[in-house]
2 protein chains.
Amino acid sequence: MSKVELLEEHRIFDGVQYKYRHTSEVLGCPMTFSLFLPNKDRFPEPPLLWWLSGLTCTDDNFTHKAGAQRAAARLGIAMIMPDTSPRGEEIADSKDYDLGQGAGFYLNATEEPWAAHYKMYDYIIEELTSLMRDEFDLNGPEFISGHSMGGHGALVLGLKNPERFQSITAFAPIVNPSQVPWGVKAFENYLGDDKSRWAEWDALELLKQQSGKIVPILIDQGDADPFYKKELEPAKLAEAAKERDYPLTVRMQKGHDHSYYTISTYIEEHLEFHLNESKKDRGIQK
Amino acid sequence: MSKVELLEEHRIFDGVQYKYRHTSEVLGCPMTFSLFLPNKDRFPEPPLLWWLSGLTCTDDNFTHKAGAQRAAARLGIAMIMPDTSPRGEEIADSKDYDLGQGAGFYLNATEEPWAAHYKMYDYIIEELTSLMRDEFDLNGPEFISGHSMGGHGALVLGLKNPERFQSITAFAPIVNPSQVPWGVKAFENYLGDDKSRWAEWDALELLKQQSGKIVPILIDQGDADPFYKKELEPAKLAEAAKERDYPLTVRMQKGHDHSYYTISTYIEEHLEFHLNESKKDRGIQK
């Protein structure tokens, strides 16, 4: 019996947009995810882009609003959109939009009441990955991208798994969560007060210590984004990259804000970046 | 003092997506609308596309989901997205999704309790039109398009105002509302039982009697649309067009359903159709 239940299926451009439900053993609850597949005949073994969404989002936001399917259908890229946290009445939550359900921060929580279910890292890197391979036969190159909290997720998951992800892109990512309000609140709750345990979930710290296969990074940041200075500041990551000659590009986008309007404007360039980078061999980071 | 209040402003591609609120005198309530403007320097006098949405929609659905801004920015087309009915606690409503708020059917209601506020035809053709001209200086060619109930709206408003709209397109329109469940329910409530008064709001009847300037029509209809046979059936309109040699094209789109995924796939071709048709002179219908 299949491990996934089909909820929606829609033709879009030369591909199909699916939405599925499955029961996650890692998270201990039912979860939905969305999956775009390009035309099977033209692209029998497509690469897979992992898209990680931001605070308050589900798997629907990117799927409905980014318009990425047009470029993905043309370029032959599959896209998996996970939800952003475990969900359900039995699952710990808070009244705040930036903690609990919709705010899983793509890590494995160690503190109660979160530790029982908030294992988004393992969910994506292990369980959902196995599903993609076993149920959907997606065994090609993998890319990772995301927005805001999901940009943090893309950077952290990508940098922690350099052998697996060929390239990373992000829109307005939280690059140094240990030092900004959104990240400090999440890490204090999910990981506890011992800040030495925060570094492995902080892109800036990971980049400083990165070794092994080089995973190039592209970041777009709108200069009209109200969270730019307080929560994001990708220049900090760019400086760390420059110091060790790491291939990272931050593009400041004039007049653009934190919304999906910005993502829809540049997502095609991100997909092209991933596809182009997957054809290069950038070697090993010392 | 400006008649409109700016609620949102987002850079997207080479243009700006706005959302406004204003107080409608015609509808007797506050209304929101969304407006996309292409780059002013490149397109100082853009044509204006009116987009009419379907049942349950607001001005947000097309704005968020259709991805039309990319093509509109490239082609230099402004787009106005009105809401689909008057709104508010003081406004008549029903518990049904297909009657009352979110289901204005782009007509002027004559029956109570609807007649007091449900004047979407006059709202769009007069009040919102004046706003576009006076507040936003949009005095160029005009096109009209829409989806489902909004496809009905585009056909009816376009055919009733052939001197004004250069071209009409629609996705899965209700072409003969007098004869299908959605339309009969709306017309009985808004217009009353005298069916002789329904014809002026029925695209099929309007097309049969059409005279004056020829307004070419393009319709896309998915063959996997669950409402195709029961509510839509654009072939009826195509037959009436053929009988009098009216320029109407219905394209059946394989595998496509009633969703915005279909609209996002073909909206660029609709914008190109409008722009190309506005350069032709098709003459006068006898």
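Heads up: these notes are all about the structure in this document. (Residues numbered from 1 in each chain as written. Chains lettered and ligands numbered in written order. Predicted model: local features only at pLDDT ≥ 70, side-chain atom pairs only at ≥ 80, totals over all residues. Heavy atoms only, no water.)

### Quick word on the overall build of chain A
Alright, step 1. The number of helices and strands found in chain A is nine helices and eleven strands.
Alright, step 2. Expected size for 286 residues packed as a compact globule is a radius of gyration near 19 Å; at 18 Å, chain A falls within 12% of this value.
Alright, step 3. With the principal axes as the frame, chain A shows a C-alpha extent of 50 × 45 × 35 Å.
Alright, step 4. Considering only contacts within chain A whose residues lie at least 6 apart along the sequence, 72% involve residues at least 24 apart.
Alright, step 5. Surface exposure of chain A reaches about 11,300 Å², of which carbon and sulfur atoms provide 47%.
Alright, step 6. For chain A, the distance from the average position of its 31 positive side-chain charges to the average position of its 45 negative side-chain charges is 5 Å. (Helix = DSSP H or I, 4+ residues; strand = E, 2+ residues; numbered from the N terminus. Rg over C-alpha atoms; globule rule 2.2 N^0.38 Å. Contact = heavy atoms within 4.5 Å. Areas by Shrake-Rupley, 256 points an atom, 1.4 Å probe, with all protein chains shown as cover. Lys, Arg positive; Asp, Glu negative; His and termini not counted. Charge placed at Lys NZ, Arg CZ, Asp CG, Glu CD.)

### Digging into the relation of the copies chain A and chain B
Alright, step 1. Take chain A, turn it by 180 degrees, move it 0.0 Å along the axis, and it overlays chain B with an RMSD of 0.0 Å. The transformation just described matches what one would write down for a two-fold rotation axis. Taking C-alpha positions as reference, the residue of chain A nearest the rotation axis is A:Lys65, located at 2.5 Å.
Alright, step 2. In this assembly the copies share their binding face: 100% of the residues contributing to the interface of chain A also contribute to that of chain B. (Least-squares fit on C-alpha atoms with pLDDT ≥ 70 in both.)

### Comments concerning the pattern of salt bridges
Alright, step 1. Enumeration over the complete set of coordinates arrives at 40 salt bridges over all chains.
Alright, step 2. The partner of A:Arg197 in a salt bridge is A:Glu111, with the nearest N and O atoms 3.4 Å apart. Placement of A:Arg197 in the loop between helix H5 (181-191) and helix H6 (203-209) and of A:Glu111 in the loop between strand E5 (78-82) and helix H3 (120-136) is noted, with a sequence separation of 86 residues between them.
Alright, step 3. Owing to a relative accessible area of 33%, A:Arg197 belongs among the partly exposed residues under this scheme.
Alright, step 4. With a closest N to O distance of 2.7 Å, B:Lys185 and B:Asp96 form a salt bridge. Taken together, the residues B:Lys185 in helix H5 (residues 181-191) and B:Asp96 in the loop between strand E5 (78-82) and helix H3 (120-136) connect sequence positions 89 residues apart.
Alright, step 5. Judged by its relative accessible area of 24%, B:Asp96 falls in the partly exposed class.
Alright, step 6. Several salt bridges share partner residues, and in doing so they unite A:Arg70, A:Arg74, A:Glu268 and A:Glu272 into one network. (Salt bridge = Lys/Arg side-chain N within 4 Å of Asp/Glu carboxyl O. Buried < 20%, exposed > 50% of the residue type's maximum accessible area, 1.4 Å probe, protein only.)

### What about the environment of A:Thr110?
Residue and element names in this part refer to chain A.
Alright, step 1. Of note, Thr 110 is situated in the loop between E5 and H3.
Alright, step 2. Residue Thr 110 is classed as partly exposed on the basis of its relative accessible area of 41%.
Alright, step 3. In this structure, the C-alpha to C-alpha distance between Thr 110 and Arg 197, residues 87 residues apart in sequence, is 10.0 Å.
Alright, step 4. In terms of polar contacts, Thr 110 uses its side chain to reach the side chain of Glu 111, at 3.0 Å. (Polar contact = N/O pair within 3.5 Å; in protein donor to acceptor, adjacent residues only side chain to side chain.)

Limitation: the analysis is restricted to geometry and does not speak to function.
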